[in-house]
Amino acid sequence: MGRPKALLPWRRGTFLSAAIQVLNNYSDMVIVVAGGLVNELQPVVDANAAYLVRNPQPERGQFSSLQIGLQEVLNRGRDAAIITLVDRPPARPETVNHLQRQFLTLVEHDMWAVVPESAGYHGHPIVVGREMIGAFLDAPVDSTARDIVHANQSRVAYVPVSDPFVTMNIDTPQDYERLIASPEFSVTR
């Protein structure tokens, strides 16, 4: 991309600030895990009332950051989390609300996670309970979240949503240019 994707401009902020703002409406704390960009991300995290946790070994990969964040969730006395990536536009607030409500209903039926599905693809954010957090934390660091979710498939509910942002990946400047030129960019919250 040539610059940190979390800091790409998005509406009146960045991907990161917008994600924090959405998640702040559906959780009592937002934890951001940063690797080498701590100094760049800290002002955005602070300005949006979130907490920054540093991954001391970001070279171990994205899954190590997930494990650090989830351990911090448990350390702070929580037993569920909404997990998202910051290299994409955040899901719409109504999508996060729907996923959270679905999780709260399905957890009573021994489901460990809720994953959004749009146009046949799975995306983010995902909502996980203590059991799935444990599965992520017990996995080897060279695992992927997808591996763990698939290994626990019978405990995962895939919830259809009409939000194109849940499956959108922004990997190149061209992807980003297409995104901000799209009608979805101008959709108000």
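What this report covers is the structure whose coordinates are included nearby. Bear in mind the structure is a predicted one, so any value in this text is a computation, not a measurement.

**Structural notes on unusual backbone geometry**
Backbone geometry follows two general trends: most residues other than glycine have a negative phi, and most peptide bonds adopt the trans configuration. Look at the link from His124 to Pro125: it is a cis peptide, with omega at 10 degrees. Of note, Arg11 is a non-glycine position whose phi angle comes to about 50 degrees, a positive value. Within the element layout of this structure, Arg11 appears in the loop between strand 1 (9-10) and strand 2 (13-14). At Asp110, a residue that is not glycine, the phi angle is positive and equals roughly 65 degrees. Mapped onto the secondary structure, Asp110 falls in the loop between helix 4 (93-106) and strand 6 (113-118).

**Structural notes on the environment of Ala49**
Relative to the elements of secondary structure, Ala49 occurs in the loop between helix 2 (38-47) and strand 4 (51-54). Ala49 gets classed as exposed once you look at its relative accessible area, which sits at 56%. Expressed as a C-alpha distance, the spacing of Ala49 and Ser17, which sit 32 residues apart in the sequence, is 9.8 Å.

**What to know about the pairing of strand 4**
Relative to strand 4, strand 3 (residues 31-34) runs parallel, the two being bridged by four bridges. When the sheet's bridge partners are listed, Val32 is paired in strand 4 with Leu52. Remark: the strand 3/helix 2/strand 4 crossover connection has right-handed handedness.

**Some points on helix 5 (residues 130-138)**
All buried positions along helix 5 are accounted for by Met132, Ile133, Ala135 and Phe136. For helix 5, the angular spread of the buried residues around the axis is 160 degrees, confining them to a single face. Against the buried residues of helix 5 lie helix 3 (62-75), strand 5 (80-83), strand 6, strand 8 (126-129), helix 6 (145-151) and strand 9 (156-160).

**What about the nonpolar core?**
With 27 residues, the main nonpolar core has Leu16, Ile20, Val32, Val45, Leu52, Val96 and Val114 as its most contacted residues. Setting aside its immediate chain neighbours within four residues, Val114 contacts Leu99, Gln102, Phe103, Leu106, Pro125, Ile126, Val127, Ala157 and Val159. Membership of the second largest hydrophobic core comes to 19 residues, among which are Ala81, Ile133, Ala139 and Ile148.

Calculation notes
Residues numbered from 1 in each chain as written. Predicted model: local features only at pLDDT ≥ 70, side-chain atom pairs only at ≥ 80, totals over all residues. Heavy atoms only, no water. Helix = DSSP H or I, 4+ residues; strand = E, 2+ residues; numbered from the N terminus. Buried < 20%, exposed > 50% of the residue type's maximum accessible area, 1.4 Å probe, protein only. Pairing = 2+ DSSP bridges. Right-handed = clockwise from strand over helix to strand, strands pointing away. Arc of directions from axis to C-beta. Contact = heavy atoms within 4.5 Å. Core = buried A, V, L, I, M, F, W, Y, C linked by side-chain atoms within 4.5 Å.

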